[in-house]
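Remarks on the overall topology
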Amino acid sequence: MKMPTNGVAKDIRHYIGALIVFFLVIIILFYLTRYQIPSENSQIVNTLIGMIAASIAMVISSITGRNPDDLEAAKKKISNLEMKIEMLVSAKDMLENMLIKLQDDTIDRLLLNKSLAYDDSKSGKCNCKNECNG
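Residues numbered from 1 in each chain as written. Predicted model: local features only at pLDDT ≥ 70, side-chain atom pairs only at ≥ 80, totals over all residues. Heavy atoms only, no water.

Observations concerning the overall build of the chain
Scanning the chain from N- to C-terminus turns up four helices and zero strands. Each helix (α) and strand (β) of the chain, taken in turn from the N terminus, gives the series α-α-α-α. Taking all 134 residues of the chain together, the buried fraction comes to 6%. If you sum the accessible surface of the chain, you get close to 12,000 Å²; carbon and sulfur atoms cover 63% of it. (Helix = DSSP H or I, 4+ residues; strand = E, 2+ residues; numbered from the N terminus. Buried < 20%, exposed > 50% of the residue type's maximum accessible area, 1.4 Å probe, protein only. Areas by Shrake-Rupley, 256 points an atom, 1.4 Å probe, with all protein chains shown as cover.)

Following this line, the structure appears as structure tokens:
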């Protein structure tokens, strides 16, 4: 049987492993309700039970389909997209400022050109065919 290579096999292994750990905890709890642990082994048993119980959160997340690696990958992707948005906003602001400066320069040049033409026509220095008042 050929295993899928797109991560499904990994998810299946995680799911089966999580179920095994979950049932192991249930069996240990059932055993502890039925039988008494000798006092010389109680610290070792308590340590093992504590380690298994600490993994319950990961077991539950694996059974329900939540993968911590997926969460980290999503956080990195969101962070990357936020940086791209900030970069695009700053580029947009820079382009807006360049356009405003270009408009101001164009208006200034047009006004200066028309002012010079008007002054030339008033002083009689214009080369046009119209009569100048000078």
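Now, onward.
Quick word on the pattern of salt bridges
Under the counting rule described, the total for this entry stands at three salt bridges. Ionic pairing is found between Lys92 and Glu96, a salt bridge with its closest N-O pair at 3.4 Å. Of this pair, Lys92 and Glu96 are both found in helix 4 (residues 68–123), four residues apart, which corresponds to roughly one turn of the helix. Here Glu96 falls in the partly exposed class, since its relative accessible area comes to 41%. Salt-bridge contacts for Asp105 lead to Lys101; the nearest nitrogen and oxygen are separated by 3.2 Å. Taken together, the residues Asp105 and Lys101, both in helix 4 and four residues apart, mark about one turn of the helix. (Salt bridge = Lys/Arg side-chain N within 4 Å of Asp/Glu carboxyl O.)

With respect to the packing of aromatic side chains
Scanning the entire structure with this criterion turns up one aromatic pair. With 4.9 Å between their ring centres and 40° between their planes, Tyr31 and Tyr35 make a pair best called tilted. (Phe/Tyr/Trp six-rings, centres within 6.5 Å; stacked < 30°, edge-to-face > 60°.)

Observations regarding the confidence of the model for the chain
Looking at the chain as a whole, its pLDDT mean stands at 80, while 81% of the residues score no less than 70. Confidence, expressed as mean pLDDT per element, reaches its minimum in the chain at helix 3 (residues 56–64) with 71 and its maximum at helix 4 with 90. (pLDDT = per-residue confidence, 0-100.)

Examining a nonpolar patch on the surface
Among the surface-exposed residues, Phe22, Phe23, Ile26, Ile27, Leu29, Tyr31, Leu32 and Tyr35 lie close enough to one another that they form a single nonpolar patch of about 790 Å² accessible area. Residue Tyr35 is classed as exposed on the basis of its relative accessible area of 51%. (Patch = residues over 30% accessible without salt bridge, like charges linked within 9 Å, V, L, I, M, F, W, Y side chains within 5 Å.)

Comments concerning a negative patch on the surface
A grouping of Asp11, Asp69, Asp70 and Glu72 is seen on the molecular surface, where their side chains present a negatively charged patch. Of the residues forming the negative patch, the biggest block, three residues, is contributed by helix 4. Looking at the secondary structure, you find Glu72 in helix 4. (Lys, Arg positive; Asp, Glu negative; His and termini not counted. Charge placed at Lys NZ, Arg CZ, Asp CG, Glu CD.)

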